[in-house]
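Working through the structure, step by step
Here are the chains, one letter per residue:
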Amino acid sequence: EGLTVIDIPNAHTLPGEEGDIFQKVVSDYAVPAEHQLTLRTRIRLARAFPDREARLQWVRVQMMATTVLAQVQNCYGGAQNGAAVNEGQLADLLELLQDEAGGGGPLDVQTL
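Values in this document were obtained by computation on a predicted structure and should not be read as measured data. (Residues numbered from 1 in each chain as written. Predicted model: local features only at pLDDT ≥ 70, side-chain atom pairs only at ≥ 80, totals over all residues. Heavy atoms only, no water.)

1. Comments concerning the overall build of the protein chain
This is how the line gets drawn: Each helix is a run of DSSP H or I of at least 4 residues and each strand a run of E of at least 2, with the numbering of both proceeding from the N terminus. Exposure categories follow from relative accessible area, calculated using a 1.4 Å probe and restricted to protein chains: below 20% of the type maximum is buried, above 50% is exposed, and the middle band is partly exposed. Computed with a 1.4 Å probe, the accessible areas rest on the Shrake-Rupley method; for each residue, only the protein chains presented here act as cover.
The helix and strand inventory of the protein chain stands at 4 helices and 0 strands. Along its sequence from the N terminus, the protein chain presents helices and strands in the succession α-α-α-α. Counting all 112 residues of the protein chain, 21% fall into the buried class. Split by element, the accessible area of the protein chain, about 7,800 Å² in all, is 53% carbon and sulfur.

Structural data, given as structure tokens:
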């Protein structure tokens, strides 16, 4: 598919702000616009949670919280109550878990 894997070892120890690191990676690797949000998310997670297991646990918690929110909205009329679940958010979280887990098969909410 022409994608390049970008490995940033010890991202949590890099000097500068997340935005600076993001801009450098985007310019160094010519990251297409459609992959920049995912890249920014991964940089933020790596800097906030240097430990891989802690990072995965945080993503799992976010996934479960978003799923519960979606279920509550579904039970109580959803959009009528104001906040709506971003439909892409669940897919993005699943993608993060899939990539971090090593691609050992498809993940879904039941897997968590």
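2. Regarding the nonpolar core
So the rule is basically this: The criterion is simple. A nonpolar core is a set of buried Ala, Val, Leu, Ile, Met, Phe, Trp, Tyr and Cys residues joined through side-chain atoms within 4.5 Å. We call two residues contacting when some pair of their heavy atoms lies within 4.5 Å.
The biggest cluster of nonpolar side chains holds 7 residues, and these are Ile21, Phe22, Val25, Val26, Val31, Leu39 and Ile43. Residue contributions to this core peak at 4 residues, all from helix 1 (residues 18–29). Excluding residues that lie within four positions of it along the chain, Phe22 makes contacts with Gln36, Leu39, Arg40 and Ile43. Counting 5 residues, the second-largest nonpolar core is a separate cluster that includes Val59, Met63, Leu93 and Leu96.

3. Topic: helix 1
This is how the line gets drawn: In this scheme, a helix's expected span is set at 1.5 Å multiplied by one less than its residue total. Arc definition: directions from the helix axis to the C-beta atoms.
Compared with the 16 Å implied by 1.5 Å per residue over 12 residues, the 16 Å span of helix 1 between its first and last C-alpha is a close match. Residues of helix 1 that are buried include every one of Ile21, Phe22, Val25 and Val26, and no others. Around the axis of helix 1, the buried residues are gathered within 130° of arc, so they sit on the same side. Residues Asp20, Lys24 and Ser27 are exposed on helix 1 and point more than 90 degrees away from its buried face. Where helix 1 is buried, its residues touch helix 2 (33–48). Just beyond helix 1, the residue with positive phi is Ala30, at close to 50°.

4. Here's the deal with the packing of aromatic side chains
Put simply, the rule reads: Ring geometry is summarised as follows: Phe, Tyr and Trp rings, the Trp one being its six-membered ring, pair when their centres sit within 6.5 Å, and such pairs are stacked at plane angles under 30 degrees, edge-to-face over 60 and tilted between the two. Charges are assigned to positions over rings by a cutoff of 6 Å between ring centre and Lys NZ or Arg CZ, combined with an angular limit of 35 degrees from the ring normal.
Applying the stated criterion across every chain yields a total of 1 aromatic pair. Measuring from ring centre to ring centre gives 5.8 Å for Phe49 and Trp58, while their planes differ by 35°; the resulting arrangement is tilted. You can call Trp58 partly exposed: its relative accessible area is 35%. Its end group placed over the ring of Phe22, Arg40 keeps NZ or CZ at 4.0 Å from the ring centre.

5. Observations regarding the confidence of the model for the protein chain
To be explicit about the condition: Think of pLDDT as the predictor's per-residue confidence, scored from 0 to 100.
With 70% of its residues at a pLDDT of at least 70, the protein chain reaches an overall mean of 78. No element of the protein chain has a lower mean pLDDT than helix 4 (residues 87–100), at 66, and none a higher one than helix 1, at 95. Within the model, pLDDT remains below 50 along residues 103–107, and this stretch shows 8 contacts once partners closer than five positions in the same chain are excluded.

6. Some words on the environment of Val31
The topology assignment puts Val31 in the loop between helix 1 and helix 2. Take Val31: its relative accessible area is 11%, and that puts it in the buried class. As for Val31 and Ile6, which are separated by 25 residues in sequence, their C-alpha atoms are 9.8 Å apart.

7. Describing the pattern of salt bridges
Going by this rule: What counts as a salt bridge is simple: a side-chain nitrogen of Lys or Arg found within 4 Å of a carboxyl oxygen of Asp or Glu.
Tallied over the full model, the rule gives 3 salt bridges. Glu18 is paired through a salt bridge with Arg44; the nearest N and O atoms lie 3.6 Å apart. With Glu18 in helix 1 and Arg44 in helix 2, this pair connects stretches of sequence that are 26 residues apart. Put simply, Asp28 and Lys24 hold a salt bridge, and the shortest N to O gap is 2.7 Å. With Asp28 and Lys24 both in helix 1 and 4 residues apart, the pair spans about one turn of that helix. Among the residues examined, Asp28 registers a relative accessible area of 47% and is labelled partly exposed.

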